[in-house]
Every structure is written in structure tokens, then in C-alpha cells.
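Examination of the molecular architecture
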Amino acid sequence: MTATPTPTGGEPVARHDGRRADELRALDVLPDFLEQPHGCVLWSQGKTRVLCTATVEQDIPRWLRGKGRGWMTAEYSLLPASTGERTQRGVSRGRPDGRTVEIQRLIGRALRAVCDFEALGERTLWLDCDVLQADGGTRCAAITGAYVAAYRALDRFGLSKALPGSVAAVSVGIVGGEALLDLDYVEDSQADTDMNVVMTADGRLVEVQATAERDPFSRDELDALLDLAAAGVGELADAQRAACALPLP
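Note that the structure is a prediction, hence the values are computed from the model and not measured.

Of the volumes computed, that of the largest pocket is approximately 370 Å³. Among the elements of the structure, helix 4 (138-156), helix 5 (185-190) and strand 8 (193-200) are those that each provide at least two residues to the lining of the largest pocket. Taken together, the residues of the lining of the largest pocket sort by class into 4 nonpolar, 6 polar and 5 charged. Empty space within the second largest pocket amounts to approximately 260 Å³. Along the walls of the second largest pocket sit 16 residues, with Ser 77, Leu 78, Gly 90, Arg 93 and Thr 100 positioned nearest its centre. Mapped by element, the contributors of at least two residues to the lining of the second largest pocket are strand 4 (71-78), helix 1 (90-93) and helix 2 (98-112). Residues that form the lining of the second largest pocket fall into these classes: 6 nonpolar, 6 polar and 4 charged.

Given below as C-alpha cells:
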């Protein structure tokens, strides 16, 4: 990728970890990290590590029975020691917090956007994303890893045609006047604009979550961030394809 100009036209700033503005954090993708799940991957992006598993259940919600199509749903959690301070488990509170519910709904929407439910048949695909270590971009890493886990689980049952497309997500933002790809926690906490982009491998948008943390951003800045995200998703899609192509154990 070519260097990304700053939205303001100023000089590029040096990132604290030495990356270029348009560079993803280092990826470490370990499919089949666990033996029991139908599909599994440990997706590491920089210091963020998310364990994604997928389970094919031979049943569907009651409201779908007899319609010849399946369903997909996701759950997400932060392990207690995944952040600097202990995160209380949802079971201890008696219910998940609002952020957890928001993220797991996002994961479900993202994967359902590329699923053929008729090809899935009357089955449910459960996606479970557990953050082992959080350093920014956990929801994006969960979506990207969940696709790999889902594909490998379906492939195990000869159902890979139920995922005719792929989906990935990445964070972008404006920090110090410059558009940056794949923010870690340090950058995210200082961002003037913070955005999560969910996109298919062929460049179609599934969801864009954009917030002006300080000053409002312009349409030109929005376009620059989306272009940056599209390039990042292209790299993530390559990593997904490589992981999905590995032989099943």
C-alpha cells in the first residue's frame, strides 16, 4: 500500500510502535487452537488476542422451524484478566452489560451478511468470541476471526457453500490530524475520530460505526478513512483465506 496522506494535508506523524499510517498490526492466526470445537481460531492482531469458536447445532429457533433455512448467532465476552483492571463476568452481574450486547449483535449481523441460510439448512451456527487480551480493536478482531471459525466449522460438515462471501472488520481513526489504520489502545484513547468498518472482501460495506470524539470530521476525512479501511480489509481477507484453506484436523 502507498503511504496515506493526512486528512489535513500536514506532515505524517510517527506512530508509537513504528508502523506506517496504513499498516496493520502484526497478525498471528492459529486455526484449530482447541480440539473440541467444530471450528476454531486464535486471532491475534498486535497485542489483541481473541479466541473464536464455531459450533454447528442440528436445530433452529422455534420461529424458523419448517421454513427450510438456518440461523447464525454470536456471543462475545472479555475474560476477567483481558484488560488492565479485572472485568467482572456477566454471570456475576446477572446479565451482560450494554457494550457486550452491542458487540455480539454486531458480530452476528456481520456474519449473517455473507451467509446463505437456505444452504445452511435447518441448523444454527453458534459463534463464540472470547477476548483473552484487549489492546484495541477487539470487536473488529472478533468479527474477522469469527469468519474463519465459521468457515472451518461449516467445511467440516460439507456446508462451506453456506458462506459464499467473506467479511472482515478493522478500525481506523484520526489521531494527531492523521488517518491511521488499525488503532491500538494508546491510539484509540487519543483519537479525534474513531471508526470501525465492517466490509466484505469484494468491497461492500456491512456496517460503519464512526464517532467524532472531539471535533466533527468532514466528508473528505470520512472518504479517506473508508479508503484506508478498505485496503486493510483486503489484507485481512488474504489472511482469512490462508487460514480457511488449511486442512482440517
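This next bit is on the sheet that holds strand 5 (residues 124-133). A sheet is described by the order of its strands in space; here 5 strands give the open sequence 1-2-3-5-4, paired in mixed fashion. Here the strands that pair on one side only, and so sit at the sheet edges, are strand 1 (27-31) and strand 4. Averaged over all adjacent pairs, the angle separating strand axes in this sheet is 15 degrees, with direction ignored. Sheet topology note: the strand 1/strand 2 (residues 39-45) ladder contains 5 bridges and is antiparallel.

With that out of the way, let us pick up the pairing of strand 5. Across 9 bridges, strand 3 (residues 48-57) lies against strand 5 in antiparallel orientation. Considered in strand 5, the bridge of Cys 52 is made with Cys 129. Here strand 4 runs beside strand 5; their pairing, made up of 8 bridges, is parallel. In the strand pairing of strand 5, Thr 73 is matched with Trp 126.

Moving on: the sheet that holds strand 9 (residues 205-212). Here we have 4 strands laid out as an open sheet, ordered 7-6-8-9, and antiparallel in their pairing. Looking at the sheet topology across the chains shown, the edges are occupied by strand 7 (178-181) and strand 9. For this sheet, the mean angle separating the axes of adjacent strands, direction not counted, is 15 degrees. Pairing between strand 6 (residues 167-175) and strand 8: 8 bridges, direction antiparallel.

This paragraph deals with empty space enclosed by the protein. All chains considered together, the criterion is met by 1 cavity of 30 Å³ or more. Its volume calculated, the largest cavity comes out at about 40 Å³. Taken together, Arg 25, Gln 45, Gly 137, Cys 140, Ala 141, Ala 169, Val 170, Ser 171 and Asp 182 form the lining of the largest cavity. Looking at the lining of the largest cavity, the elements that each hand over two or more residues are helix 4 and strand 6. Broken down by element, the residue count for the lining of the largest cavity peaks at 3 residues, all from strand 6.

Under the local residue numbering, the UniProt record ascribes the feature "binding site: phosphate" (unreviewed entry) to Arg 99, Gly 137, Thr 138 and Arg 139. Maximum C-alpha separation among the annotated residues is 13.6 Å over a sequence range of 41 residues, consistent with a single clustered spot. Lining residues of the largest cavity drawn from the annotated set just named are Gly 137. Tracing the sequence through the fold places Gly 137 in the loop between strand 5 and helix 4. Non-local contacts of Gly 137, meaning those with residues more than four positions away in its chain, are made with Arg 25 and Leu 183. Structurally, Arg 139 is set in helix 4. Residue class for Arg 139 comes out buried when judged on its relative accessible area of 13%. Among the polar contacts made by the side chain of Arg 139, one reaches the side chain of Glu 102 at a distance of 2.9 Å.

Rules and cut-offs
Residues numbered from 1 in each chain as written. Predicted model: local features only at pLDDT ≥ 70, side-chain atom pairs only at ≥ 80, totals over all residues. Heavy atoms only, no water. 1 Å grid on protein atoms, 1.4 Å probe; cavity = no way out; pocket = protein on both sides within 12 Å on 5 of 7 lines; lining within 4 Å. Points joined across faces, edges and corners; volume = space filled by probe spheres on them. Helix = DSSP H or I, 4+ residues; strand = E, 2+ residues; numbered from the N terminus. Nonpolar A, V, L, I, M, F, W, Y, C, P; charged D, E, K, R; others polar. Pairing = 2+ DSSP bridges. Axes fitted to C-alpha atoms, helices over the stretch in contact; angles between N-to-C directions. UniProt positions renumbered as here; feature names shortened; annotations may be inferred. Contact = heavy atoms within 4.5 Å. Buried < 20%, exposed > 50% of the residue type's maximum accessible area, 1.4 Å probe, protein only. Polar contact = N/O pair within 3.5 Å; in protein donor to acceptor, adjacent residues only side chain to side chain.

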